[in-house]
Amino acid sequence: MYQLNNFDSREQLDESLADNISKILESSITLKGKASIAVSGGSTPKGFFKALSNKSIDWKKVTITLADERWVDINSDDSNTRLVHENLLVNKAASAKFFHLKQGDELCEETLADLNLAANNALLPLDVVILGMGEDGHTASLFPCSDEIEQGLDVTNINALMKIQPKTAPHQRITFSFAALKESKNVFLHVCGDNKKQVLDQALSTHNIFEMPIRAFLHSDVIDTQIYWAK
Ligand code: 6PG
């Protein structure tokens, strides 16, 4: 299921999403003494990151990670880790912890096993997940074109993190699986622009999740995906 929240401008969306997320993080801290959030990379979330980074919450108790990362050097323009460090782990949020998905040179089985163990200990289930969506209906790095998509969307997948090689997008990726992301009680989809609205309408119109993986979230009976959209 989903709820569509429309905003008149991207700035209003960014502020409203940041307000909402900071309240959720704060209540997780009150309840458990800590909070975890996975954000997405790409071009959409920059303004939201800035807005969230200025919220007054106890950031030292918050662990931030990514829903997915491209396996590139942290200094690369394509690194989501770099994007988050430059735009979210700043201002008041500078004291938050960051859980790195890109660790080491090679994304081998051993690295994945270590990361899965560490993610289970440090941040799962995630208190908040903020997804993006590509024009092919991918979300996180759950790409419809990849050989790993069945495993990525398998609700019985025991691996929270997995390797993905998209065929229509650059870079090998590491991504949280649908099975791990769906455990969050607060799932948001942040999309902007008319093109993405058309993709969203297409995703909402029918149910084949392998054709458009974002549908796994939108049409789930148990996930209440909050869509935030602005022109
Ligand atoms: C990534 C992502 C990905 C992204 C969408 C939307 O690293 O590629 O996390 O899922 O959120 O592709 O990207 P844009 O915001 O650039 O449209």
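Our subject is the structure that appears above.
Read on for a plain summary of the structure. Predicted, not measured: the structure shown is a model, and the values here were computed from it.

Some words on the sheet that holds strand S1 (residues 2-7)
No. 1: In space, the 7 strands of this open sheet follow the order S1-S10-S9-S6-S2-S3-S5, with parallel pairing throughout. Each edge of the open sheet carries a strand with a single partner, namely S1 and strand S5 (97-98).
No. 2: Sheet strands touched by helix H1 (residues 10-32): S1, strand S2 (35-39), strand S3 (62-66), strand S6 (128-131), strand S9 (187-192) and strand S10 (225-230). Its angle to S9, the strand with the most contacts, is close to 165 degrees.
No. 3: Packed on one face of the sheet, helix H7 (residues 194-205) meets S1, S9 and S10 and runs near 135 degrees to S9.

Quick look at the pattern of salt bridges
No. 1: Under the counting rule described, the total for this entry stands at 12 salt bridges.
No. 2: Across the pair Glu86 and Arg82 runs a salt bridge, and its minimum N-O distance is 2.9 Å. One end of the pair, Glu86, and the other, Arg82, are both in helix H3 (residues 80-87), 4 residues apart, so they sit about a helical turn from each other.
No. 3: In this structure, Lys197 and Asp201 form a salt bridge, with 3.5 Å as the shortest nitrogen-oxygen distance. Note that Lys197 and Asp201 are positioned in helix H7 at a spacing of 4 residues, about one turn of the helix.

What counts and how
Residues numbered from 1 in each chain as written. Predicted model: local features only at pLDDT ≥ 70, side-chain atom pairs only at ≥ 80, totals over all residues. Heavy atoms only, no water. Pairing = 2+ DSSP bridges. Helix = DSSP H or I, 4+ residues; strand = E, 2+ residues; numbered from the N terminus. Contact = heavy atoms within 4.5 Å. Axes fitted to C-alpha atoms, helices over the stretch in contact; angles between N-to-C directions. Salt bridge = Lys/Arg side-chain N within 4 Å of Asp/Glu carboxyl O.

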